[in-house]
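In case you want the letters, here they are:
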Amino acid sequence: MKVLIIQLARLGDVFQTWPTFRALKRAGAEVHVLVRPRFRPAASGCSAITKVHEFRTDEILGPVLTDGKSGLVSSMASLDELLASLTEEKFDRIVNLSFSPLSSWLAFDLEMRAFAEGRVVTSVGYTRHADGSLAIPDDASAYFFAQVGSRASAFPGETLNRISLPRLFATIAQGAVPKMELLEGDWAGPDDRAVVKEELLPANAPDGFFAVHIGASEAEKTLEAKRWAEITARVIQASGCPVLLLGSPEEAEKGREVVQNLRDIHDVPETKICNGVGRTKLGDVFELLGRAKLLIAGDSALIHMASLMGIRVLNLSSRTVSHWETGPQSKGSRIVVYGGAGPEVETVVSEALSMFQNSPLSSADREVAGPLEDLAEKTNDAYSDFLWSFVSGLYLGTPFVVPQDSKLLGAIRQWLETAEIEAHQLDALKVAEDPSTITSILARVDEVTALIAEAEPRLAPLYRWLTTERARVGPQAREAVIERYQAINTQLTSVLSNLSSQGAINDRHELEL
């Protein structure tokens, strides 16, 4: 079985897909992956991949973005060349892990080209219906669409989903290859180990060294040079261990600024500083991380590389991202969540020392039990816990938890009444000769439902589930569409009734992690 993985997202997403690559190969699949050229080395490092294909952004999108309509012919020619070469591979399955409009069209085009040749390709992840509307064929991708990322937050900075992206990727892929199974051993570094130059290793480190990644894909995901220098200096002074600074060539100037601050402001001796920013290749980074006692980093690709190597990470996680989704997976890693300019220096230093000494969690927000850890039900944030219990109840079949407050229960009962009106109107629509009045009532029901969810943000997960399930219906005969809407309404009514009756056990679930 030949499987194409479409992974056009960032560097970190490629590394988070490595466990899925390995699980697919173990299940007997020949694994191919489509990535952007700059991320080819990240994919090539995983031996589970048979072939890496490139989506050449500069050739496919560059002309039309630069020259407008005059560049369209060139762009389309390059795109057709790519799709033709992929079609020649005769894939049996397509797994789209990019969650973008562009990738959905790529998956759909490959399906249609196979169909023209008399072949059927099964796709999971986003694709398209025959009329061009978005198609979400599998439950795991529908979960991603409804409940993952910033779009799924009731307000900025809030996180609902607590399933990591590597596990979500694998769950989606399992929809294409049901017998694949994710194992902890799928988190491993490259088989071919790089030979690291001694100049990239801290000198005189009998007790080992720690690494600090000073960069990230976006500025809000990391700290300023001055703050990194302060944290690094304090850890060096408290532990006696030297530091290895890591970062990309684009971050070289920031690396020099950190070094200057360490020397001139914090009086850290040269022997305690090794500046590797901009001086390493991808293979070097794996090997260097493998030798480090600890990596301290923001939300960057290096925490996923460390996770593959089994190296503990002290992740300084901005509230603008979700540590549940994209945080470190290696056992013993810890997360410090911060807002504003950065975390408290004392918190980071004490947690780093605690990790050096293998002491219990001190002031971090959570500790990772491993890549396949049980999903957290309780944290120190009761509101977030309730929202997660709602999501978990909808998708994983866990008990719903409803707090005893009249505002929420009133909104639930209002919605239940609205859902009952919808059910009656859908029944009438099946036999109506003139549906105009009924469709007008149903449109008003949708407006009221949206207002209820807006007035009570704790119902947002259910509202997103509802709108996503309706979006999945797709173009069908009128009778089939009505029947599907009736089935969705029945599920919605069941959930609302359970909530209204105070925490009844949910007997439906969609995701098998």
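Caption draft 1: How the structure looks around the sheet that holds strand β10 (residues 273–275). An order of β10-β9-β8-β11-β12-β13-β14 is seen for the seven strands of this open sheet, with the pairing classed as mixed. Only two strands of the sheet have a single neighbouring strand rather than two, namely β10 and β14 (366–367). With three bridges joining them, strand β11 (residues 294–297) and strand β12 (residues 313–318) adopt parallel strand pairing. Counted as the bridge partner of I296 is L314 from β12. Each of β8 (210–213), β9 (243–246), β11 and β12 is contacted by helix α9 (residues 225–239), which is oriented at about 175° to β8, the strand it contacts most.

Caption draft 2: Focus on the confidence of the model for the protein chain. When pLDDT is averaged along the protein chain, the result is 91; 95% of the residues meet or exceed 70. Below pLDDT 50 for its whole length, residues 503–507 participates in 13 contacts with residues either more than four positions away or in separate chains.

Caption draft 3: View of the sheet that holds strand β4 (residues 93–96). With parallel pairing, five strands are arranged side by side in an open sheet as β3-β2-β1-β4-β5. At either margin of the open sheet sits one strand with a lone partner, and together these are β3 (49–54) and β5 (122–124). Averaged over all neighbouring strand pairs, the angle between strand axes comes to 20°, with direction disregarded. Pairing analysis gives five bridges linking strand β2 (residues 30–35) to β3, with the strands arranged parallel. Paired with V33 across the strands is V52, a residue of β3.

Rules used throughout
Residues numbered from 1 in each chain as written. Predicted model: local features only at pLDDT ≥ 70, side-chain atom pairs only at ≥ 80, totals over all residues. Heavy atoms only, no water. Pairing = 2+ DSSP bridges. Helix = DSSP H or I, 4+ residues; strand = E, 2+ residues; numbered from the N terminus. Contact = heavy atoms within 4.5 Å. Axes fitted to C-alpha atoms, helices over the stretch in contact; angles between N-to-C directions. pLDDT = per-residue confidence, 0-100.

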